[in-house]
Structures are given as C-alpha cells and as structure tokens.
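# Summary of structural features
This is what each chain is made of:
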Amino acid sequence: ILYVSGEESKQQIKHRSDRLSISNDNLHLYCSNSAEQIMEIIARDNPQMVVIDSVQSIACLEQSGIPGSISQVKEVTLLCTQYAKQKDIPFFIIGHITKEGMVAGPKMIEHLVDTVLYFEGDGNNYLKILKATKNRFGSTNEIGVFEMRPDGLTEISNPSRLFIQDDHLAPGSAIGCVLEGTRTFLIEVQALVTPAIYGNAQRIALGIDHRKLALLLAIIEKKLALKVRERDVFVNLVGGLKVNDPALDLPFIAAIITSFEDRPPPAKTIFIGEIGLNGEVRAVSQIEKRVNEAIKLGYDRIVIPGKNKFEHKKKQLRYINYLEEIYSILFS
C-alpha cells in the first residue's frame, strides 16, 4: 500500500503512527504535492493500493491554479481515476468537506469516481457512521459504525449495546429499532413534554426531521386527544445519530406519551411501527430481522404493526393496528 501525503510531513505521520501503534512493512509512505511525481512513484513501485491524502493538497504542473482550486482538484482526480483504470490499482482519494458536510470542490469529482464515502458524526461524539452516497459496484444502503478510541477508529459489531444504556427507562423514553441497509440495531428515543412558559410552544427535534415531529404531534392531538399544543416538546435520538427510518414513529409517540403522563414505559418493551395520518399503524420492512435483534438482546414484549403479523416461536409479539391501542400497551 502506498500512502501519499500532501499535507503532513514524514515526521508528523511518524508521530501519529507511533501513537496509534502502527507498524507494517507493507505500508509505504511518500510525501509530495506534485501529481506527476506521485504517478512516477506509483509506476516504479507498482503498489496494490494507493491512498491520496488529500486531493486538495496536490497539483498538476501542467495545469494552472494553486492546489485546491477547482481546476486543480478536477485535474488531479481525473488523473488518478484514469491511472487506476489503466493499471487496475484501486485509489482511495481523501477530500475535504465544506461546512455543509459535502465534498469540497466541483461536483464533477463525485461523477469521476466509482464510490463516494462519508464519515458522519457530531464533532463532540465518539461515534462515527460510514455511509456510501454513491457506489457503482454495490448498494448505498450499507453502513459501518465505528468508535473513536485513543488507538484510532474501531469497528462496533453490535451498535445496540451502545445506544441502549439502561433497561429501566424513565418517563419520556422508549426503545425502537433502526434498519440501515442490511444492518439492524436498537436505539433509545427520548422526549420531554413540559408546559410552555415562554409564549409560543417550542418544537425541537434532534436526530429526526422537525417536520416529522410536527406530524406526529398533530396525529397525537387528533387521535388521542392529548393537549400538546400548549406544551414544549423536545425529542432526541440517543447517540447523535440522524435517522429517517419510519419504524421510529411508534417509539417516538410512546416516548412523548410517557413524558406527557409522567409515567415510565413498561420494562423490556420495544416499539416498531410507522404511523399513518389517520392513526393507523402501518407495516414496516424486514420486520423479522428487527424482531430477531430485539429478542437477541432480551426484550420480553415486542410491539409491532398488525399488518406485519407472522408466527414466531418465542411468542413475545404484541400487535397494534391503531394508535388508540397504545395506552393499553403502555399502562396496562
């Protein structure tokens, strides 16, 4: 593997490799800002893989502009992709991102490469999610979950253990199941419902779209007759994740109701389901995989949509067809 650094010196990378305890005879380091010199080294050493860090720090001598300019970034990326296809060598091109979280530079960069990967996560959060937004050779629905440790990024094989800290939940909490690609994991959702004392009621959502929160509150007020219009409602997805899975509708509503009533949810219970505008609980995808994940982690009651009904040997399933039934499930 040839690691090309255009931003750091050999001494800086040496210090980082010592801190991360990286020692490998198959990893070769080359520091340069010249695309032509880099291609000469690749042609000479014929590596099995090349890492370019970063494309904004490298320039072609034949191209005008400073490193990081639109013309240079486009030319360097094009040179790398052409060389990769000619020599059948995979290139990992690391790029900067903008404040909005998108790849910096012209959008053409994403069109030139085969796969675009993003590391997502709050800057203050130790969890990092690896997502693909483009993949010519496979699905873009797969994710990887990593934890930042002193010795570097470490893969988390069972994310559910991280997103659920306590089996005895307080009022305003509920457990749901998230499906990301082919991977399922349980996650805790939280809600806080308090009287609005600062004028207009506030609606704040972290981890889900704020329009989804407004939709769920309208359904609750219409179908359950809960007067939430005069209350501040705050919802949060534990772990700093951002998820659009509709199966989290039911656990969010359960969390809002338990916070409103100031009563804890039943122990060892998980909620899975999408809520329609008429209060019906709609079926969700890959329900068996979600149920098996919940059973594996020891949950006694699994509330799922009635339209997802299937036979399971554990007999731990409870079905819900309409939102009006949720009170008997929560407080029976």
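Residues numbered from 1 in each chain as written. Predicted model: local features only at pLDDT ≥ 70, side-chain atom pairs only at ≥ 80, totals over all residues. Heavy atoms only, no water.

### Observations regarding the pattern of salt bridges
Within the structure shown, the criterion is met by 12 salt bridges. Salt-bridge contacts for R16 lead to E8; the nearest nitrogen and oxygen are separated by 2.4 Å. Residue E8 is classed as partly exposed on the basis of its relative accessible area of 26%. The partner of R229 in a salt bridge is E221, and the shortest N-O contact between them spans 2.3 Å. Taken together, the shared-partner salt bridges connect K85, D114 and R136 into one network. (Salt bridge = Lys/Arg side-chain N within 4 Å of Asp/Glu carboxyl O. Buried < 20%, exposed > 50% of the residue type's maximum accessible area, 1.4 Å probe, protein only.)

### Considerations on the side chain of E221
Along the chain, the position of E221 falls in helix α6 (residues 210-224). Taking the relative accessible area as the measure of exposure, E221 reaches 16% and is therefore buried. In this structure the side chain of E221 is engaged in a polar contact, spanning 3.5 Å, whose partner is the backbone nitrogen of V228. Reaching out from E221, the side chain makes a polar contact with the side chain of R229 at a distance of 2.3 Å. Leave out the neighbours within four places in its chain, and E221 touches L226, K227, V228 and R229. (Helix = DSSP H or I, 4+ residues; strand = E, 2+ residues; numbered from the N terminus. Polar contact = N/O pair within 3.5 Å; in protein donor to acceptor, adjacent residues only side chain to side chain. Contact = heavy atoms within 4.5 Å.)

### Details of the sheet that holds strand β3 (residues 50-53)
Across the sheet, which stays open at both edges, the four strands sit in the order β2-β1-β3-β4 with parallel pairing between neighbours. Every other strand in the sheet has two partners, leaving β2 (28-31) and β4 (91-94) as the edge strands with one partner each. Each adjacent strand pair in this sheet contributes to an overall mean axis angle of 15°, direction not counted. Bridge count between strand β1 (residues 2-5) and β2: four bridges; the pairing is parallel. If you follow L2 over to β2, its bridge partner there is H28. Taken strand by strand, helix α1 (residues 10-19) contacts β1 and β2, and its axis lies near 145° from that of β2. (Pairing = 2+ DSSP bridges. Axes fitted to C-alpha atoms, helices over the stretch in contact; angles between N-to-C directions.)

### With respect to the nonpolar core
By size, the foremost hydrophobic cluster in this structure holds 47 residues, and its most contacted members are V235 and I326. In terms of residues, this core owes the most to one element, helix α7 (residues 249-261), which gives eight residues. When neighbours within four sequence positions are excluded, I326 is seen to be in contact with L224, L250, I253, A254, I257 and I320. The next biggest cluster of nonpolar side chains, apart from the first, holds 21 residues, and it includes Y30, I42, V55 and C60. (Core = buried A, V, L, I, M, F, W, Y, C linked by side-chain atoms within 4.5 Å.)

### Brief notes about the sheet that holds strand β16 (residues 301-305)
The strand order across the open sheet formed by three strands is β13-β16-β17, and the pairing between neighbours is parallel. A single partner strand is all that each edge strand has here, and the edge strands are β13 (269-271) and β17 (317-320). Averaged over all pairs of adjacent strands, the angle between their axes in this sheet comes to 25°, without regard to strand direction. Inspection of the sheet shows β16 paired to β17 by four bridges, in the parallel sense. Bridge pairing links I302 to L317 in β17. Contacts from helix α8 (residues 287-296) reach β13, β16 and β17, with the element oriented near 165° to β16.

### Here's the deal with helix α2 (residues 35-45)
Those residues of α2 not exposed but buried are A35, I38, M39, I41 and I42. Looking down the long axis of α2, one finds its buried residues gathered within 160° of arc, a one-sided arrangement. Exposed side of α2, more than 90 degrees from the buried face: E40, A43 and R44 are the residues found there. Tucked inside the fold, the buried residues of α2 contact β1, β2, β3, α3 (70-87) and β4. (Arc of directions from axis to C-beta.)

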